[in-house]
Amino acid sequence: MSGLGRVHSVGLNAFAADVIEIQANISNGLPGFTVSGSADTSLREAKDRVRAAIGNSGAKFPEKKIVVALAPANLPKSGAGFDLPMAISVLIATGQAQTPLLGETVLIGELALDGRVRPVRGVLPLLLGARDAGFRRAVVPIGNVREAALVDGLDIGGADSLSDVVAWLAGDRVLDTVSDTGEAPASTPIPDMTDVVGQPAARHALEVAAAGAHHVLMTGPPGIGKTMLACRLPGILPPLGHDESLEVTAIHSVAGTLPAHRPLIETPPFIAPHHSASITSLLGGGTGLAKPGAVSRAHRGVLFLDECAEMGAKVLDALRQPLEDGVVRVSRRDGTASYPARFQLILAANPCPCAPVNDVDCVCTSIVRRRYLGKLSGPLMDRVDIRVQMEPPGNSALMTEQGEPTDVVGARVAQARAAAQERWREHGWLTNAEVPGSELRRRYRLAADAMRPIESFLGQGRITARGADRALRLAWTLADLRGTQRPDVDDVTQALLYRDRGTGR
Ligand SMILES: [Zn+2]
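What counts, and where the lines are drawn
Positions within a chain are numbered from 1, following the residues in the order the chain's sequence is written. Given that this is a predicted model, residues contribute local features only at a pLDDT of at least 70 and side-chain atom pairs are listed and counted only at 80 or more, while totals for whole chains, interfaces and linings are drawn from all residues. Computation of side-chain values covers all heavy atoms of the structure but excludes hydrogens and water. Working convention: axes come from line fits to C-alpha atoms, limited for helices to the stretch in contact. Angles between N-to-C directions cover 0 to 180 degrees. Helix and strand assignments come from DSSP, with helices taken as H or I runs of at least 4 residues and strands as E runs of at least 2, each series counted from the N terminus. Oblique is the label for any angle not covered by the other classes, which are roughly parallel (under 35 degrees), roughly antiparallel (over 145) and roughly perpendicular (65 to 115). Put simply, a crossing is left-handed when the front helix is turned counterclockwise from the back one by less than a right angle, and right-handed when it is turned clockwise. Only heavy atoms enter the contact rule, under which two residues are in contact if any of them lie within 4.5 Å. Lys, Arg, Asp and Glu make up the charged group, whereas Ala, Val, Leu, Ile, Met, Phe, Trp, Tyr, Cys and Pro make up the nonpolar group; the residues left over, Gly among them, are polar. Only when DSSP finds a minimum of two bridges between them are two strands counted as paired. Exposure classes here rest on a 1.4 Å probe applied to the protein chains alone. A residue is buried below 20% of its type maximum, exposed above 50%, and partly exposed in between. Both cavities and pockets are sets of points on a 1 Å grid over the protein atoms alone; in a cavity a 1.4 Å probe fits but cannot get out, in a pocket the set is open with protein on both sides within 12 Å along at least five of seven lines, and lining residues sit with an atom within 4 Å of a point. Grid points are joined across faces, edges and corners, and a volume is the space filled by probe spheres set on the points. Nonpolar cores were defined as sets of buried Ala, Val, Leu, Ile, Met, Phe, Trp, Tyr and Cys residues, with membership established by side-chain atoms within 4.5 Å. Domains are outlined according to an automatic or database domain assignment. Donor atoms (N, O, S) are those found within 2.8 Å of the metal centre, with the cutoff raised to 3.2 Å for Na, K and Ca; water is not part of the atom list, so apparent gaps in a site can occur. Here a site with four donors is tetrahedral if all angles are between 85 and 135 degrees, and a site with four or six donors is square planar or octahedral if opposite donors are over 155 degrees apart and the other angles are between 65 and 115; anything else gets the irregular label. Under the pairing criterion, centres of Phe, Tyr and Trp rings, with the six-membered ring standing for Trp, must be within 6.5 Å; the plane angle then separates stacked pairs below 30 degrees from edge-to-face pairs above 60, leaving the rest tilted. For a Lys NZ or an Arg CZ to count as sitting over a ring, it must be within 6 Å of the ring centre and within 35 degrees of the ring normal. In short, buried area is how much 1.4 Å probe accessible area vanishes from two parts on joining, totalled over both. We call two N or O atoms a polar contact when they sit within 3.5 Å, provided that within protein one can donate a hydrogen and the other can accept it, with sequence-adjacent residues counted only if both atoms are side-chain atoms.

Novice: In this structure, what is going on with the packing of helix α2 (residues 83–93) against helix α5 (residues 162–169)? I would like to understand it.
Specialist: To characterise two packed helices, one gives the angle between the axes of the helices and the distance between these axes. Two elements in contact, α2 and α5, have axes separated by 11 Å at closest approach and are oriented at 50 degrees. For the element pair α2 / α5, the angle class is oblique. You can see that α2 and α5 cross each other, and the crossing is right-handed. Residues Leu84, Ala87, Ile88 and Leu91 of α2 touch α5, and the partners they reach there are Leu162, Val165, Val166 and Leu169. Counted by class, the contact of α2 with α5 contains 8 nonpolar, no polar and no charged residues.

Novice: Sorry, what's going on with the sheet that holds strand β14 (residues 302–305) here?
Specialist: In any sheet, the strands associate via hydrogen bonds between backbone groups, in a parallel or an antiparallel arrangement. With respect to topology, 5 strands assemble into an open sheet ordered β11-β14-β17-β10-β18, the strand pairing being parallel. Of all the strands in the sheet, the pair left with one neighbour each is β11 (270–271) and β18 (386–389). Each of β10 (216–219), β17 (344–349) and β18 touches helix α6 (residues 200–212); the most contacted strand, β18, lies at about 165 degrees to it.

Novice: How do you make sense of the pairing of β10 when you look at a structure like this?
Specialist: Side-chain positions along a regular strand alternate between the two faces of the sheet. Here β10 shows no split at all, with Val216 and Met218 on one side and Leu217 and Thr219 on the other all buried. When β10 meets β17, the two strands line up parallel, connected through 4 bridges. When the sheet's bridge partners are listed, threonine 219 is paired in β17 with alanine 349. Looking at chain direction, β10 and β18 are connected through 4 bridges and run parallel. Residue pairing in the sheet places valine 216 in a bridge with isoleucine 386 of β18.

Novice: Which parts of the structure should I look at to understand the layout of surface pockets?
Specialist: Empty space left among the atoms is revealed by rolling a probe the size of a water molecule over them. Computed from the structure, the largest pocket encloses a volume of approximately 790 Å³. If you go around the largest pocket, you meet 32 residues; those closest to its centre are Ala213, Arg342, Thr431, Ala433 and Glu434. Every element with two or more residues in the lining of the largest pocket is listed here: α13 (320–325), α16 (406–423) and α19 (465–482).

Novice: Explain the nonpolar core to me, please; I cannot follow it from the model alone.
Specialist: The tendency in soluble globular proteins is for nonpolar side chains to be buried as a group. Ranked by size, the top nonpolar core spans 58 residues in total, and within it Leu127, Leu282, Leu303, Leu305, Cys308 and Leu376 carry the most contacts. Counting residues per element, this core draws most heavily on helix α3 (residues 123–132), at 5 residues. Among the domains, domain 1 (3–169) and domain 2 (215–384) are the pair contributing at least three residues each to this core. Excluding anything up to four places from it in sequence, leucine 376 contacts Leu217, Cys308, Ala309, Leu316, Ala349 and Met381.

Novice: Help me understand the coordination of the zinc ion in this model?
Specialist: In an ideal octahedron of six donors the angles at the metal are 90 or 180 degrees, and in an ideal tetrahedron of four donors they are 109.5 degrees. Taken together, the protein ligands of the zinc ion are Cys352 (SG), Cys354 (SG), Cys362 (SG) and Cys364 (SG), with distances of 2.2 to 2.4 Å. Here the zinc ion binds 4 donor atoms, and the angle range of 104 to 114 degrees at the metal identifies the geometry as tetrahedral. For the zinc ion, all donor residues lie on one chain, and their spacing in sequence is C-x1-C-x7-C-x1-C. Residue classification places cysteine 352 among the buried residues on the basis of a relative accessible area of 1%. Cysteine 354 sits in the partly exposed class, given a relative accessible area of 33%.

Novice: What is the right way to read the packing of aromatic side chains from this model?
Specialist: Pairs of aromatic rings are described using the distance from one ring centre to the other and the angle between the two planes. The final tally for this structure, using the stated rule, is 5 aromatic pairs. Judged by centre distance (5.6 Å) and plane angle (50 degrees), the rings of phenylalanine 33 and phenylalanine 61 are tilted. Here phenylalanine 33 is found in strand β3 (residues 32–36), whereas its partner phenylalanine 61 is found in the loop between α1 (41–55) and β4 (65–71), with 28 residues between them in sequence. In this structure, phenylalanine 33 and phenylalanine 61 share a single accessibility class: buried. Ring geometry for tryptophan 424 against tryptophan 476: centres 5.5 Å apart, planes inclined by 70 degrees, an arrangement best described as edge-to-face. Of this pair, tryptophan 424 sits in the loop between α16 and α17 (437–441) while tryptophan 476 sits in helix α19, placing them 52 residues apart in sequence. Like tryptophan 476, tryptophan 424 is buried. Taken together through their ring pairs, the aromatic side chains of Trp424, Trp429, Tyr444 and Trp476 make up a single cluster. Sitting over the face of the ring of phenylalanine 457, arginine 462 holds its NZ or CZ atom 4.1 Å from the ring centroid.

Novice: What exactly am I supposed to notice about the domain arrangement of the protein chain here?
Specialist: By a widely used convention, the size of an interface equals the accessible area lost when the partners come together. Under the domain assignment used here, the protein chain contains domain 1 (3–169) and domain 2 (215–384). Each of domain 1 and domain 2 has a C-alpha centre, and these two points are 37 Å apart. In this assembly, 15 residues from domain 1 lie in contact with 24 residues from domain 2. The contact between domain 1 and domain 2 buries some 1600 Å² in all, and 67% of this surface belongs to carbon and sulfur atoms. For the interface between domain 1 and domain 2, the tally reads 4 residue pairs in polar contact (both at pLDDT 80 or more). Of all elements in the fold, only β1 (3–13), α3 and α4 (145–148) reach the threshold of two or more residues within the side of domain 1 that touches domain 2. Each residue belonging to the side of domain 1 that touches domain 2 can be placed in one class, and the counts come to 8 nonpolar, 3 polar and 4 charged.

Novice: Help me out: how do you make sense of the side chain of threonine 249 in this one?
Specialist: Take threonine 249: it is sitting in helix α9 (residues 242–255). With a relative accessible area of 0%, threonine 249 lands in the buried category.

Novice: What's the story with α2 in this structure? I'm lost.
Specialist: Residues separated by three or four positions in an α-helix point in the same direction, a consequence of the helix having 3.6 residues per turn. In terms of burial, α2 is largely enclosed, as 11 of its 11 residues are buried. The complete set of buried residues in α2 reads Asp83, Leu84, Pro85, Met86, Ala87, Ile88, Ser89, Val90, Leu91, Ile92 and Ala93. Immediately beyond the C-terminal end of α2, within one or two residues, lies glycine 95, with a positive phi of roughly 75 degrees.

Structure, rendered in structure tokens:
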């Protein structure tokens, strides 16, 4: 007996999806099972899963010479999503599964040894790729059905087991279109700004940052509310648009951080890696399918680095490239992968290593103090537009002052953002942070008297050329928040002050 089975699947190559054709060839010869076509170790392990899953699904694994080829051979392939199509190709080649439904269909799924189909990472970008390549139908693990349903224009079937798929191919059953994981639980709400007592300067700084997508450094003693404020930033940012939602969701799908119940991410993500995080966990990487790092999971949202002065200089330095390009390049065994990484950076630091609650109790020498925040100078800090020093609120503030709620602050942010978007419409820039410096200096150059403070800072060497551009962007945001057409000298002065303080100088 000999036979051929052919099915289609999709594989991820960084953030791009490739259609992969899987062919099983069964012939008489020395019994064996070979997988060919640039398969990495995870795919070689697939052989054992495929063999066991077939045997445990009431089908027969042929004692023949079996060659499964994945084409095109030159594309890198990794992950366990090819288990299901490989098993089906073997069953077709041995006449144990039928083919009429397989036209225009892609199959994706990892197999457990007992034949169950397990969820895989990256289903959303995989299926977007399959749809764009002209496929009409996808069979995916039941656990990925909700995520798969986000793709318009594809018929989705969820499979619980290999035998489900075989029965479906034979016309004996339909596949599930919803998962039975129950009703979606309510998503955790973003905490409200009203909980933050006092700290008017820091609250305002955060509002300005949100309005123009500027990066922020907050310094102050522990427990003063830096984290509390930072994690409220997504609440005052505008919600993600449809395309942004899909893009952010696709990244979290590849990262494996998508909640199964609520697959579409509609609010800006808030990602807060620990200060001991490695460069790989921040930027992404790993063997096989490179995982997106924190900078990509924070795409279109907030990357919060608490106690950032405790981070290694190399780690902080590694953030410069994604900050500059909005994309991060991750090196892998087979070249580099690129992931989107346009995030708003919020840094928080204690003023010194001993970090007492009251600064007067500090036991650090002045040299130690200066060196501690000195780490945060140079090229990375040049990209931070807003620095704010937080002081403990007086006791009276704790009792009386109630902060404005998120929806009030968010409404002002939305208004400022709308003004900026309208102004930059013909260029397609969404926020002031995206406007190229050359445009700020030429076409949108401010009046001579408004430019004077910047020129004086430049003349005194108190600001770099890049810093000057960034101060101009911030001045535009301050003007947008005031509801005026153009920044005046006060906006520019204010913007320069925001850059100049907060590092304990
Ligand atoms: Zn100290």
